[in-house]
Amino acid sequence: MLRSKMLLGLAGLLVAGCAQRLSRQVIAVEEQAVRERVTEWARAVNNRDTRELAAFYHQVPELTVAWTSGTRTRGWEEEHEEQRRFFRSIARSNLVISDLSIEILSATAAVTSFHHSSDIIKTSTDRDIFSGNGTIVWMKDEADNMWKIHTAQLSRNPPDM
């Protein structure tokens, strides 16, 4: 269900993106801005500071985030509470993003896909090391002209056998 909603949303963004042709220069500038936001977001996750992370999310009821645990949040309040719960349960987080792909769909919409590796040390001293893929739909916020997460999905690959 979530996958079909995300695909439908991406299709709508693609149609909207096709309606506005951006110059190569504008695309390059926006790609760099999104790349910086992804890097800063990963750093904020590793800092485990929910106040710092709040600046990266489009704080609207339509915000949807699918976590590696399978948890899905809808709206900023739910997402913010899930972040607080998660970060209270861990002592250290190391999220590493690689193979980042950025697609600028329009002046206000972008999609990133990437591979991630995570090393999480829980407060109980248990350690959880895993990797997966991620997709984030970014929308440019009119209020501050910053790229913000509108929809995110992080997968967890099954362990190697």
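Everything discussed here concerns the structure shown above.
Here is a short report on the structure shown in this document. (Residues numbered from 1 in each chain as written. Predicted model: local features only at pLDDT ≥ 70, side-chain atom pairs only at ≥ 80, totals over all residues. Heavy atoms only, no water.)

Per the secondary structure count, the protein includes 4 helices and 6 strands. Each helix (α) and strand (β) of the protein, taken in turn from the N terminus, gives the series α-α-α-β-β-α-β-β-β-β. Contacts spanning at least 24 positions in sequence make up 54% of the contacts within the protein whose residues lie at least 6 apart. Summed over its atoms, the accessible surface of the protein is roughly 9300 Å², and 52% of this surface lies on carbon and sulfur atoms. (Helix = DSSP H or I, 4+ residues; strand = E, 2+ residues; numbered from the N terminus. Contact = heavy atoms within 4.5 Å. Areas by Shrake-Rupley, 256 points an atom, 1.4 Å probe, with all protein chains shown as cover.)

With mixed pairing, the 6 strands of this open sheet are ordered in space as β2-β1-β6-β5-β4-β3. Each of the sheet's edge strands pairs with one partner strand only, and the pair in question is β2 (72-74) and β3 (90-106). Sheet twist, expressed as the average angle between the axes of neighbouring strands with direction ignored, equals 25°. Bridge count between strand β4 (residues 109-122) and strand β5 (residues 127-140): 13 bridges; the pairing is antiparallel. Looking across to β5, one finds that Ala-110 is bridged to Trp-138. Against the sheet, helix α2 (residues 24-47) engages β3, β4, β5 and β6 (147-154), with an angle of about 165° to β3. Docked against the sheet, helix α4 (residues 76-88) engages β1 (64-66), β2, β3 and β4, running at close to 140° with respect to β2. (Pairing = 2+ DSSP bridges. Axes fitted to C-alpha atoms, helices over the stretch in contact; angles between N-to-C directions.)

So, on to the packing of aromatic side chains. If you walk through the whole model with that rule in mind, you get 4 aromatic pairs. On the numbers, 6.4 Å between centres and 55° between planes, the contact of Trp-41 with Phe-114 is tilted. Note that Trp-41 is positioned in helix α2 and Phe-114 in strand β4, a separation of 73 residues in sequence. One exposure class covers both Trp-41 and Phe-114, and it is buried. When the centroid spacing of 5.5 Å and the interplanar angle of 35° are considered together, the rings of Tyr-57 and Trp-76 count as tilted. Taken as a pair, Tyr-57 in the loop between α3 (50-54) and β1 and Trp-76 in helix α4 lie far apart in primary sequence, 19 residues in all. (Phe/Tyr/Trp six-rings, centres within 6.5 Å; stacked < 30°, edge-to-face > 60°. Buried < 20%, exposed > 50% of the residue type's maximum accessible area, 1.4 Å probe, protein only.)

Our focus in this paragraph is the layout of surface pockets. Considered as a void within the structure, the largest pocket measures approximately 500 Å³ in volume. In terms of lining, the largest pocket is formed by 28 residues, of which the most central are Trp-67, Thr-68, Phe-86, Ile-120 and Phe-130. Contributions of two or more residues to the lining of the largest pocket are made by α2, β1, α4, β3, β4, β5 and β6. (1 Å grid on protein atoms, 1.4 Å probe; cavity = no way out; pocket = protein on both sides within 12 Å on 5 of 7 lines; lining within 4 Å. Points joined across faces, edges and corners; volume = space filled by probe spheres on them.)

Mapped onto the secondary structure, Arg-37 falls in helix α2. Judged by its relative accessible area of 7%, Arg-37 is buried. Of the polar contacts made by the side chain of Arg-37, one reaches the backbone oxygen of Trp-147; its length is 2.8 Å. Each residue touching Arg-37, except ones within four places of it in the same chain, is listed here: Ala-55, Phe-56, Trp-138, Met-146, Trp-147 and Lys-148. (Polar contact = N/O pair within 3.5 Å; in protein donor to acceptor, adjacent residues only side chain to side chain.)

Counting buried residues along β6, 6 of its 8 residues qualify, which places the element largely inside the surrounding structure. Where β1 and β6 come together, 3 bridges link them in parallel fashion. The residue bridging Val-65 from the neighbouring strand is Ala-152, located in β6. Relative to β6, β5 runs antiparallel, the two sharing 7 bridges. Counterpart to Ile-136 in the pairing with β6 is Ala-152. Between β5 and β6, which pair antiparallel and follow one another directly, the connecting turn spans 6 residues, one of which, Asn-145, has a positive phi of 60°.

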